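Breakdown of the fold
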There are 2 protein chains.
Amino acid sequence: MHSFIELSKIFEDNFNTRHFPEHTATLYGPAQYILQLGGKRIRPVCVLMGNELFGEIIPDAYHAATAIELFHNFSLIHDDIMDKAPMRRGMETVHQKYGDSTALLAGDVMFVKAYEYLNKIHINNLQKVLHLFNETASGVCEGQQLDMDFEKRETVGLEEYVGMITLKTSVLLAASLKLGAILGGATPNSQNHLYEFGKNLGIAFQVQDDYLDVFGDPDKFGKRVGGDILSNKKTFLLIHAMETANAEQLNLLKGLIENDAVDKIEKVTQIFKDCKVDDWAKELKDKYLQAALQHLEDTAVVSVRKQALMKLAEFLIQRDN
Amino acid sequence: MHSFIELSKIFEDNFNTRHFPEHTATLYGPAQYILQLGGKRIRPVCVLMGNELFGEIIPDAYHAATAIELFHNFSLIHDDIMDKAPMRRGMETVHQKYGDSTALLAGDVMFVKAYEYLNKIHINNLQKVLHLFNETASGVCEGQQLDMDFEKRETVGLEEYVGMITLKTSVLLAASLKLGAILGGATPNSQNHLYEFGKNLGIAFQVQDDYLDVFGDPDKFGKRVGGDILSNKKTFLLIHAMETANAEQLNLLKGLIENDAVDKIEKVTQIFKDCKVDDWAKELKDKYLQAALQHLEDTAVVSVRKQALMKLAEFLIQRDN
């Protein structure tokens with residue numbers, strides 16, 4: 001059994017190679033560029049952990065993990081085009097550096113490469129793996145579309161926001177774990193529990209991310225506190241505040257959203273506090289974390305094997321904020 | 001044995017269904033939209049013809065044909081974004097109607113759907129089919145990138161232009177035929193001959209397309225004559241003219257490219273005629289057509305079975321212009 005850190009190192013050594021041919025350099029250079037920007041490689045490591053929960057890691061798990069990381073980077077390239085994001089991981093985004101058209105194509109060709117890695121998987125598992133991968137990829141596209149749809153709307157309900165976040169970010173984490181479980185020979189029941197573990201963990205992580213944007217320690221969080229507030233991003237916090245604010249608070253909140261004030265962050269944060277959004281968010285995060293841990297508990301494996309995943313949950317979700 | 005028209009009808013009846021779920025409508029509506037714009041369905045019918053050359057059409061051939069048509073439409077959606085094309089088949093392009101971001105995602109999700117259809121193919125053929133599909137998809141992306149690269153360059157050699165055109169348009173036709181051949185149980189040798197038939201036919205078609213843009217009958221061609229000249233598009237004709245023009249003609253040509261004249265089409269066409277580009281193009285088209293037919297000839301199948309493909313070649317390439 002390996003820890004997340006150990007598997008992360010093993011995966012990185014394996015992944016740190018050239019995935020594309022030299023020619024056509026104007027296409028494959030940009031594709032290779034984003035892969036070298038690094039990242040935490042959480043999803044591919046989850047494939048390996050999902051496998052190791054049930055047995056020794058098989059070579060196919062590396063193919064699946066590589067495919068997942070390539071898919072993730074494909075979606076980052078395309079999302080950055082849509083979001084017109086200039087920077088990622090402290091470096092220029094692909095479209096910023098090479099132009100929108102090349103970035104679009106570099107994303108496409110990275111997606112193809114992901115399927116080529118999947119195609120190395122033994123035929124006994126291939127169709128099952130491909131189906132899960134396809135389902136997940138469609139879900140991620142749906143999530144991104146819903147996110148864009150929600151941006152244009154005045155209000156979004158909590159339930160539909162959870163649905164969007166689940167598709168946009170959680171299903172890939174969940175599918176990564178399940179892919180590993182399939183390759184590790186888990187029963188369908190265990191595969192599903194592990195999927196639900198990942199899904200709920202992903203949602204808990206997003207609740208935490210939204211919370212930290214407002215209430216986090218700027219030194220630890222690594223992003224500007226209040227960024228979501230400034231951009232009027234619909235977050236767990238804003239959605240709950242809109243749903244629970246009284247008439248006066250709601251008017252104030254809508255006014256702040258429509259007209260930027262110099263002290264917008266402070267004022268919105270105060271409304272959040274008045275509506276007890278901070279406590280609610282902590283409870284919500286804990287609810288999803290507990291649901292995740294329950295699914296891990298229900299996975300039919302001796303508990304000693306589950307420690308790496310327990311620690312991953314701890315690492316992703318801090319209980320004390 | 002069926003004719004192209006018969007198979008086209010059979011495919012269309014089969015393909016004319018909803019390929020995407022109702023939800024998320026803002027994503028799947030745009031994806032479904034382009035599929036309803038029609039098209040000649042040449043590539044998917046080539047899958048069926050490739051199969052029928054060697055035996056009765058099996059259900060998997062419809063899955064492969066559907067995947068090919070979905071891939072083709074995915075590439076059209078993304079190409080139209082890159083080319084900023086407002087219209088396709090007399091209707092608004094996806095990005096024109098729904099915005100760039102949704103079009104980008106609708107393309108992505110159509111690509112996923114193509115793989116989901118491939119995943120229905122029997123495991124005996126699945127890996128081979130997926131590998132060919134992936135290789136082809138990468139090639140098409142490379143071709144599009146090279147096309148964009150060439151636009152920015154002053155001169156392009158004939159050989160590299162053929163290479164680009166092969167990737168951008170011919171490999172998909174070739175792969176469609178080969179996919180059918182694989183599913184029809186052809187030997188590797190026959191698969192490759194059929195691939196080369198499609199590849200050379202595709203190049204011949206492109207030579208003809210470039211020729212007709214300048215020398216075609218506007219009533220028959222269906223596009224504005226001289227469109228490529230107006231947009232300075234590097235075509236077989238322009239590339240050959242640049243390579244064979246004398247100093248005076250070359251200067252004139254470069255001047256016309258740099259500064260649009262009101263009689264640009266007439267003047268460039270005259271240079272083409274002076275350089276005998278028209279005769280050269282007809283010969284080049286014929287060279288590729290003959291190469292294609294030779295590969296079909298060399299395919300180890302009784303010639304009576306080859307008639308549908310011979311007629312397809314005749315249909316695509318008119319000998320008398």
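So, how was this worked out
- As a convention, each chain's residues are numbered from 1 in the sequence order in which they are written.
- Each chain gets a letter, beginning with A, and each ligand a number, beginning with 1, in the order they are written.
- Local features in a predicted model are, by the rule used here, given only for residues with pLDDT of at least 70; side-chain atom pairs are given and counted only at 80 or more, and totals for whole chains, interfaces and linings are based on all residues.
- A run of H or I in DSSP becomes a helix once it reaches four residues, and a run of E becomes a strand once it reaches two; helices and strands are each numbered from the N terminus.
- Multiplying one less than the number of residues by 1.5 Å gives the expected span of a helix.
- To sort residues by exposure, count the other C-beta atoms lying within 10 Å of each residue's C-beta; 20 or more gives buried, 12 or fewer gives exposed, and values between give partly exposed, all with C-beta atoms placed from the backbone.
- An automatic or database domain assignment is the source of the domain bounds shown.
- Working definition of a contact: two residues with C-beta atoms, positioned from the backbone, lying within 7 Å.
- Think of it as three bins: nonpolar holds Ala, Val, Leu, Ile, Met, Phe, Trp, Tyr, Cys and Pro, charged holds Asp, Glu, Lys and Arg, and polar takes everything else, Gly as well.
- The superposition of copies rests on a least-squares fit of C-alpha positions from residues with pLDDT of 70 or more in both.

1. Digging into helix α6 (residues 100-118) of chain A
- Its 19 residues place the ends of α6(A) 27 Å apart at the C-alpha level, agreeing with the 27 Å of an ideal helix rising 1.5 Å per residue.
- Judged by how many residues are buried, α6(A) sits mostly within the fold: 17 of 19 residues are covered.

2. Here we look at the domain arrangement of chain A
All names here are of chain A.
- Per the domain assignment, the segments of chain A are domain 1 (1-164) and domain 2 (187-321).
- Between the C-alpha centres of domain 1 and domain 2 the distance comes to 23 Å.
- Each partner contributes to the interface: domain 1 provides 15 residues, whereas domain 2 provides 17 residues.
- Mapped by element, the contributors of at least two residues to the side of domain 1 that touches domain 2 are α3 (42-52) and α8 (158-183).
- When grouped by side-chain class, the residues that make up the side of domain 1 that touches domain 2 number 11 nonpolar, four polar and no charged.

3. Considerations on unusual backbone geometry
- A cis amide bond, omega 5 degrees, links A:His23 with the succeeding residue A:Thr24.
- Positive phi is not limited to glycine here, since B:Lys84 has a value of about 50 degrees.
- Examined against the element boundaries, B:Lys84 turns out to sit in the loop between α4 (59-83) and β1 (87-88).
- Look at B:Lys84 and you get exposed, because 11 C-beta atoms sit within 10 Å.
- In this model, B:Lys276 sits at a positive phi of 55 degrees, which is unusual for a non-glycine residue.
- Following the sequence through the fold, B:Lys276 ends up in the loop between α14 (264-274) and α15 (277-298).

4. Some words on the interface of chain A and chain B
- Counting residues at the interface gives 32 residues for chain A, matched by 32 residues for chain B.
- Counting only elements with at least two residues in the side of chain A that touches chain B, the list comes to α2 (25-35), α4 (59-83), α6 and α7 (123-151) of chain A.
- In terms of residue count, the dominant contributor to the side of chain A that touches chain B is α7(A) (15 residues).

5. Looking at the relation of the copies chain A and chain B
- For the pair chain A and chain B, the relating rotation is 180 degrees, the translation along its axis is 0.0 Å, and the fit reaches an RMSD of 0.0 Å. Classification of the inter-copy transformation places it as that of a two-fold axis. Relative to the rotation axis, the closest C-alpha in chain A is found at A:Ile123, a distance of 3.4 Å.
- When the interface residues of chain A are mapped onto chain B, 100% of them again fall at the interface, so both copies present the same face.

6. Topic: the environment of A:Leu130
- Examined against the element boundaries, A:Leu130 turns out to sit in helix α7.
- By C-beta crowding, A:Leu130 is classed as buried, having 21 other C-beta atoms within 10 Å.
- In this view, A:Leu130 contacts A:Leu118, B:Tyr115 and B:Asn119; residues no more than four positions away in its chain are not counted.

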